[in-house]
Amino acid sequence: MKVTNEPLKRTPVTLWLDTEDSQTAPVLTDRDGVARFDLPPASGKVLVSGVERYHGRLDGRIPIELWSITQSEHSSLGMPGEFPSGSNAYPSMTTQTIAVDGHAVLTDSEGYLVDPADWSEDFARALARHEGLPLTERHWEVIRFLREHFARRGTQATVRDMIAHFRRLWGAEAGGNRGLHRLFPRGGPQKQGNRLAGLLRTKGEH
């Protein structure tokens, strides 16, 4: 596509579905650069020629901004995004470790990453197991929303932001404050959700 901005034709696209932990068969893009999948809405990844270009809700038409097939991805969203990185440890800090794929990842006493750069999907799964939370598709949708919001705006989403977004997707009850707190019973979406998304404590937390 490069400078001509032409669509990528006959390019293999696959979907990775979070809840099923599986990948679809490849579908080639048509003359308009569109790959069509007959699947219900889900949370997962879009991979173009094996390279991750998007991670979030798979529903409807998803534009993939890409200047060439060799362009490297910038983040799990397929768009530039700067996440905090570097250790937040201080001398008297109480820490714990979470085992992620045989490696010890350092968190504070509540489970917030000491270094947000250590975040991965496997970390989210490991922390959720540690907190006794079975992750569902809706949990992943919230985690992706929190990371996407930070990538786009450089700030963490407020509960009001979450309610406005998920009420549109899930309806007033499931997407409201009580519904989101039922999903994340240990501190709600702004605490437990941010922990699982690898983001820092929000302002005012102690």
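Above this note sits the structure.
Residues numbered from 1 in each chain as written. Predicted model: local features only at pLDDT ≥ 70, side-chain atom pairs only at ≥ 80, totals over all residues. Heavy atoms only, no water.

### Remarks on the pairing of strand β7 (residues 103–108)
For step 1, the next point in the chain: With 6 bridges joining them, strand β6 (residues 95–100) and β7 adopt antiparallel strand pairing. In the sheet register, Ala99 faces β7, and the bridge partner there is Ala104.
For step 2, the next point in the chain: If you look at the hairpin formed by β6 and β7, you'll find 2 residues sitting between the two strands, and Asp101 has a positive phi there, around 50 degrees. (Pairing = 2+ DSSP bridges. Helix = DSSP H or I, 4+ residues; strand = E, 2+ residues; numbered from the N terminus.)

### Re the pairing of strand β1 (residues 12–17)
For step 1, the next point in the chain: Both β1 and strand β3 (residues 27–28) contribute to a ladder of 2 bridges, which runs antiparallel. In the strand pairing of β3, Val13 is matched with Val27.
For step 2, the next point in the chain: By the bridge criterion, 5 bridges tie β1 to strand β4 (residues 42–48) in an arrangement that is antiparallel. Looking at the pairing, Val13 lines up with Val48 of β4.
For step 3, the next point in the chain: Strand direction decides the pairing type here: β1 and strand β2 (residues 22–23), joined by 2 bridges, are antiparallel. Counterpart to Leu17 in the pairing with β2 is Ser22.
For step 4, the next point in the chain: With antiparallel pairing between neighbouring strands as the criterion, β1 and β2 make up a hairpin whose turn holds 4 residues, including Asp21 at a positive phi of roughly 50 degrees.

### Topic: helix α2 (residues 137–153)
For step 1, the next point in the chain: If you check α2, its first and last C-alpha atoms are 24 Å apart, about what 17 residues at 1.5 Å a residue would give, namely 24 Å.
For step 2, the next point in the chain: The buried fraction of α2 is high, at 12 of 17 residues.
For step 3, the next point in the chain: Turning to α2, its buried residues number three or more, namely His139, Trp140, Glu141, Val142, Ile143, Arg144, Phe145, Leu146, Arg147, His149, Phe150 and Ala151.
For step 4, the next point in the chain: Backbone geometry just after α2 places Gly154 at a positive phi near 75 degrees. (Expected span 1.5 Å × (residues − 1). Buried < 20%, exposed > 50% of the residue type's maximum accessible area, 1.4 Å probe, protein only.)

### Examining the packing of α2 against helix α5 (residues 188–197)
For step 1, the next point in the chain: One way to put it is that α2 packs onto α5 with a least axis distance of 9 Å and a crossing angle of 80 degrees. Here α5 runs roughly perpendicular to α2, going by the angle between their axes. Packed against α2, whose contacting residues are Ile143, Leu146 and Arg147, the element α5 presents Pro189, Gly193, Asn194, Leu196 and Ala197 at the interface.
For step 2, the next point in the chain: Taken together, the residues of the contact of α2 with α5 break down into 5 nonpolar, 2 polar and 1 charged. (Axes fitted to C-alpha atoms, helices over the stretch in contact; angles between N-to-C directions. Parallel < 35°, antiparallel > 145°, perpendicular 65-115°, else oblique. Contact = heavy atoms within 4.5 Å. Nonpolar A, V, L, I, M, F, W, Y, C, P; charged D, E, K, R; others polar.)

### Considerations on the nonpolar core
For step 1, the next point in the chain: With 28 residues, the main nonpolar core has Phe123, Val142, Leu146, Met162, Phe166, Leu180 and Leu196 as its most contacted residues.
For step 2, the next point in the chain: Broken down by secondary-structure element, the contributors of at least two residues to this core are β6, α1 (121–130), α2, α3 (159–170), α4 (177–183) and α5.
For step 3, the next point in the chain: Examining the composition of this core, we find that 6 residues originate from one element, α2, more than from any other.
For step 4, the next point in the chain: What Val142 contacts, discounting residues up to four positions off in sequence, is Phe166, Trp170, Leu180, Leu183 and Phe184. (Core = buried A, V, L, I, M, F, W, Y, C linked by side-chain atoms within 4.5 Å.)

### Comments concerning unusual backbone geometry
Backbone phi values are negative for most residues with the exception of glycine, while trans is the configuration of most peptide bonds.
For step 1, the next point in the chain: Notably, Asp101 is not glycine yet its phi reads approximately 50 degrees, a positive angle.
For step 2, the next point in the chain: Locating Asp101 in the fold gives a position in the loop between β6 and β7.

### Topic: the packing of aromatic side chains
For step 1, the next point in the chain: Across all of its chains, the model carries 2 aromatic pairs by this definition.
For step 2, the next point in the chain: Seen from the ring of Trp119, Arg147 lies directly overhead, with NZ or CZ sitting 3.7 Å from the centre.
For step 3, the next point in the chain: Against the face of Tyr112 rests Arg195, its NZ or CZ located 5.6 Å from the ring centre. (Phe/Tyr/Trp six-rings, centres within 6.5 Å; stacked < 30°, edge-to-face > 60°. Lys NZ or Arg CZ within 6 Å of the ring centre and 35° of its normal.)

### Details of the packing of α2 against α3
For step 1, the next point in the chain: Close contact between α2 and α3 brings their axes to 12 Å; oriented N to C, the two are set at 135 degrees. The orientation of α2 relative to α3 falls into the category oblique. Crossing hand, α2 versus α3: right-handed. Here α2 contributes Arg138, Glu141, Val142, Phe145, Leu146 and His149 to the contact with α3, which in turn contributes Asp161, Met162, His165, Phe166, Leu169 and Trp170.
For step 2, the next point in the chain: Split into classes, the residues belonging to the contact of α2 with α3 amount to 7 nonpolar, 2 polar and 3 charged. (Left-handed = near helix turned anticlockwise from the far one by under 90°.)

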